[in-house]
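Read off the chains here:
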Amino acid sequence: QVQLVESGGGSVQAGGSLRLSCAASTRIFSFYAMGWYRQAPGKERELVASITPGGTRNFEDSVKGRFTISTDNAKNMVDLHMNSLKSEDTAVYYCFLDTTWPSFRRDWGQGTQVTVSS
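Residues numbered from 1 in each chain as written. Predicted model: local features only at pLDDT ≥ 70, side-chain atom pairs only at ≥ 80, totals over all residues. Heavy atoms only, no water.

### A few points about the pattern of salt bridges
Line of reasoning, step 1. On inspection of all chains with the given rule, the structure shows 7 salt bridges.
Line of reasoning, step 2. When the shortest N-O distance is used, the salt bridge between Lys64 and Asp61 registers 3.0 Å.
Line of reasoning, step 3. Between Arg66 and Asp89 there is a salt bridge, with its nearest N and O atoms 2.8 Å apart. Here Asp89 lies in the loop between strand E8 (77-82) and strand E9 (91-99) and Arg66 lies in the loop between strand E6 (57-59) and strand E7 (67-72), a separation of 23 residues in the sequence. Across this residue pair, the class does not change: Arg66 and Asp89 are buried.
Line of reasoning, step 4. Sharing partners across several salt bridges, the network here consists of Arg38, Glu46, Glu60, Arg66 and Asp89. (Salt bridge = Lys/Arg side-chain N within 4 Å of Asp/Glu carboxyl O. Helix = DSSP H or I, 4+ residues; strand = E, 2+ residues; numbered from the N terminus. Buried < 20%, exposed > 50% of the residue type's maximum accessible area, 1.4 Å probe, protein only.)

Right under this line is the structure:
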């Protein structure tokens, strides 16, 4: 079982930046998608950003133009760069990894808190 370890959360003022990193415990030879979800208090978990091995990126509408996502396959990591942060970005952010062999599987990180103060 792959373990995903997140780092980089914290508190920042509105307009600031943070980088979240997620490292897989084992080498990932093939994955379907990696990325980040977030869950704010009282709200459902929502997809923030994802990336495929081919480099296709998807972003939640409210973060387009502010967040970027990248992978380092050699280090089995996925990073989320968050700029121009807003108070509504406050949430627990969860890294995920989708693999398809031998069957579809989604692994989750433990979550990291991001708090943006206005």
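### Let's talk about the sheet that holds E7
Line of reasoning, step 1. Spatially, 4 strands are ordered E1-E3-E8-E7 in an open sheet, and the strand pairing comes out antiparallel. Two strands close off the open sheet at either side, each with one partner strand: strand E1 (4-7) and E7. Averaged over neighbouring strand pairs, the angle between their axes works out to 15° when direction is ignored. (Pairing = 2+ DSSP bridges. Axes fitted to C-alpha atoms, helices over the stretch in contact; angles between N-to-C directions.)

### Regarding unusual backbone geometry
Line of reasoning, step 1. Here the bond from Trp101 into Pro102 is cis, since omega is 0°, no more than 30 degrees from zero.
Line of reasoning, step 2. Positionally, Pro102 belongs in the loop between E9 and strand E10 (105-108).
Line of reasoning, step 3. You will see that Ser84, though not glycine, has its phi angle at about 50°, which is positive.
Line of reasoning, step 4. Of note, Ser84 is situated in the loop between E8 and E9.

### Section: the nonpolar core
Line of reasoning, step 1. With 28 residues, the main nonpolar core has Trp36, Val48, Phe67, Val78, Leu80, Met82 and Tyr93 as its most contacted residues.
Line of reasoning, step 2. Among the elements of the structure, strand E3 (18-24), strand E4 (33-39), strand E5 (46-51), E7, E8, E9 and strand E11 (112-117) are those that each provide at least two residues to this core. (Core = buried A, V, L, I, M, F, W, Y, C linked by side-chain atoms within 4.5 Å.)

### Thoughts on the state of the cysteines
Line of reasoning, step 1. Inspection of the entire model under this criterion finds 1 disulfide.
Line of reasoning, step 2. A sulfur-sulfur distance of 2.0 Å marks the disulfide that ties Cys22 to Cys95. Across the S-S bond linking Cys22 and Cys95, the dihedral sits near -80°, which makes this disulfide left-handed. Taken together, the positions of Cys22 in strand E3 and Cys95 in strand E9 put the pair 73 residues apart, joining distant regions of the chain. In terms of burial, Cys22 and Cys95 fall into one category: buried. (Disulfide = S-S within 2.5 Å.)

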